[in-house]
Every structure is written in C-alpha cells, then in structure tokens.
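Chain by chain, the residues:
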Amino acid sequence: MMAWRVHEFGPPETMQFERVLVPSPGPGEVLVKVHAAGVGPWDGWIRAGKSALPQPLPLTLGSDLAGEVQAVGPDVTDLRVGEQVYGVTNPRFIGAYAEYALASAAMIARKPTSIDYIEAASVPVIAVTAWQGLFDQAQLKAGQTVLIHGAAGNVGAYAVQLARRAGIRTIVTAATDGVAFVRELGADTVVDFLTDRFEDASRNVDAVLDLVGGETQQRSFQVLRRGGKLISAVSQPDQVLAKNHGVEATFFLVNVTTQHLTEIAGLIDSGELRTRVGTVISLADAREAHFMLDGIRPAPKGKIVLAVDTQ
C-alpha cells in the first residue's frame, strides 16, 4: 500500500509517499481500508518534530479517518469486517495518511449514515475537542454562559453548535469574515475581534473556551466570574493569573473515544450538527495540504480532507 512517511522531522518537503506493507491488527485494533483522512494542525506539528507526545521515527502521518473495517484483531467484539467507521487511529495520532490504517477500536465508531466518508473524516478530533472542552472540562450546564474564542474555526464551529443545543448562552469572537457564519450557527452574541473588544460584551461568564491562545487568553481572565473556568485547547494558561482572578485554568489534550464519536454521529444524523469541509485533496497530493497548514499555500475555511483511492 501507499502511505505518507516521515523519516526525519522538518518542512513538508520531508514527507515521502512510499510503498509499505499492509499492517495486521493486534489486540484491541482493527485494520481500516481508508476512504478519507482528515488533516489538522497536529499533523504539521508531528511532521515538524513539535508534537506534545514522543514520536519515534519513521512514522506515517495522520489521525482522523473514515473507511471500512478490513480485519479485526483479537479482543475486538463490537466491530465487524465491512462496517463503515470513523474516528482516530491511536493516541499518538499517526497512521491515517495511507490506503490502510490500524486504529484502536476504542477510538473509532460507526460512521454517521447521513454523510459520506469525506465529511466523516473531517469530524473526529475537532468535534470531540469541542465536546470535551465544553462538557468534560468546563462542565457547563444549561443556563450558563461561555465565551468561545475562535468560534469560526474548525473546533469553534462545533463548540457553538453544541453549546446552543445544550441551552448554554454563547458569546463568541470571530474575524469580520466569520461573523455571519457563527451567527448562522446560532451564537447569541458575536464580537468582531478586529473592530471590538470582547471585554465590552463579556462580564462574569462561567467559562472561557480558548481556541486562540496568546494575548487573547491572557485578557480572558478578567471576564470570568470568581470560580469560573478557563479551558484552553491550544496552550497552558498562566496559573498566577488564574489564582489572582480566583478561577481555574486548564490546558487539555483531546481524548477521542467511541462513546464521544457515537454521540456526535447521532447528532449529525439528526441534523443537530453541521460539518464543514474546506477543501478535498487526493492522498497522493497530501504534501500540498501541509503547505496549507504552514501558510505557504492559501487554505479555504473549513477542514482539509484527503481522498483515498483504494483498489
């Protein structure tokens, strides 16, 4: 089979499209015939050697995938050959940019029936990140208020939709070209951060979901109520600032599980969650996707997905 391999960390030019053996599933694993693979910023970090996790070389890039179960390893009882699935390969987030990929059975689920493989591959990491940020980390409930930074981005768009469905009031930030989009998703209050300050629209919020980091994260402490929570999916918050403002501040890494994926699939099939694919690129051209990740090529809004033409 063909796969995108990294033998040394570096820019997109270090990626090599080469022939490798089809792997066999071990205990708790399934072999997936990949129809589509999602591309995310974490793929670029892994390629460049900037992953938060140890990544021994060589490796195959990619985590998000959608496809068909080709073979089932020992101890896997709830998935069968031929079933359509989506999810993430493994905790290292590697292996999906290939015609076949091993996936942990605990990190995949049956694919939403209402969408195709391309759309399904765009969902797992970003949708579960939004879910866990709002509910597992911030533990928000109906009637509470959350400030979501980067609401027009891939994770943010899911966060707005999930919060609205749960009865959580949303104040969101977006650039001018994303304002109409987040309003359409159901955001209650939208702040164009290019022209306005979010502090003027936010007071005593219950939680901040930070998908931006930097100065925006630092400024966010002052809009939280005492005992509120700042949850970041991008960088470790300043604990001194958190203590001074009497709030909790946490950075988290997403933990994609079958349970989360199953619940999200149900919401997609019921029409309560919208997906957004930005561009589709052939697996053979995956290096172009990484030029987009690195800002070398322009990238449209929405998720980048690789289409895999398997034999």
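On a predicted model such as this, the values are computed, not experimentally measured, just so you know. (Residues numbered from 1 in each chain as written. Predicted model: local features only at pLDDT ≥ 70, side-chain atom pairs only at ≥ 80, totals over all residues. Heavy atoms only, no water.)

**Student:** So what about the overall build of the chain? Which residues, and what values?
**Tutor:** Looking only at helices and strands, the chain has nine helices and 16 strands in total. Relative to the globule expectation of 19 Å for 311 residues, the C-alpha radius of gyration of the chain, 19 Å, shows essentially globular dimensions. By principal-axis analysis of the C-alpha atoms, the chain measures approximately 55 × 40 × 35 Å. By residue count, 55% of the 311 residues in the chain fall in the buried class. Long-range contacts, defined here as pairs at least 24 residues apart, represent 66% of the contacts in the chain between residues at least 6 apart. Just so you have it, the chain exposes about 13,300 Å², and 50% of that area is on carbon and sulfur atoms. For the chain, the distance from the average position of its 27 positive side-chain charges to the average position of its 33 negative side-chain charges is 4 Å. (Helix = DSSP H or I, 4+ residues; strand = E, 2+ residues; numbered from the N terminus. Rg over C-alpha atoms; globule rule 2.2 N^0.38 Å. Buried < 20%, exposed > 50% of the residue type's maximum accessible area, 1.4 Å probe, protein only. Contact = heavy atoms within 4.5 Å. Areas by Shrake-Rupley, 256 points an atom, 1.4 Å probe, with all protein chains shown as cover. Lys, Arg positive; Asp, Glu negative; His and termini not counted. Charge placed at Lys NZ, Arg CZ, Asp CG, Glu CD.)

**Student:** I'd love a proper account of helix α3 (residues 124–137), names of residues and values included.
**Tutor:** Where α3 bends most, the angle comes to about 25 degrees, and this point is tryptophan 131. Most of α3 is tucked away, with eleven of its 14 residues classed as buried. Considered for burial, the residues of α3 that qualify are Pro124, Val125, Ile126, Ala127, Val128, Thr129, Ala130, Trp131, Gln132, Gly133 and Leu134. Note on α3: the residue one or two positions beyond its end, glutamine 139, has a positive phi of about 55 degrees. (Bend = angle between axes of the 7 residues up to and from the residue.)

**Student:** Before we move on, can you summarise the packing of aromatic side chains with the specific residues and values?
**Tutor:** To describe a pair of aromatic rings, one takes the distance between the centres and the angle between the planes. Taken as a whole and assessed by the stated rule, the structure comprises three aromatic pairs. Aromatic side chains tryptophan 4 and phenylalanine 17 sit 4.8 Å apart centroid to centroid with 20 degrees between the ring planes, which places their arrangement in the stacked category. Placement of tryptophan 4 in strand β1 (residues 2–6) and of phenylalanine 17 in strand β2 (residues 15–19) is noted, with a sequence separation of 13 residues between them. Classification of phenylalanine 17 by relative accessible area gives partly exposed; the value is 30%. Ring geometry for tryptophan 42 against phenylalanine 93: centres 6.3 Å apart, planes inclined by 75 degrees, an arrangement best described as edge-to-face. Linking tryptophan 42 in helix α1 (residues 41–48) with phenylalanine 93 in the loop between β6 (84–88) and β7 (100–104), this pair joins segments that are 51 residues apart in sequence. Positioned above the aromatic ring of tyrosine 117, the side-chain terminus of lysine 111 is 5.4 Å from the ring centre. Over the ring of phenylalanine 291 we find arginine 297; its NZ or CZ atom is 4.4 Å from the centre of that ring. (Phe/Tyr/Trp six-rings, centres within 6.5 Å; stacked < 30°, edge-to-face > 60°. Lys NZ or Arg CZ within 6 Å of the ring centre and 35° of its normal.)

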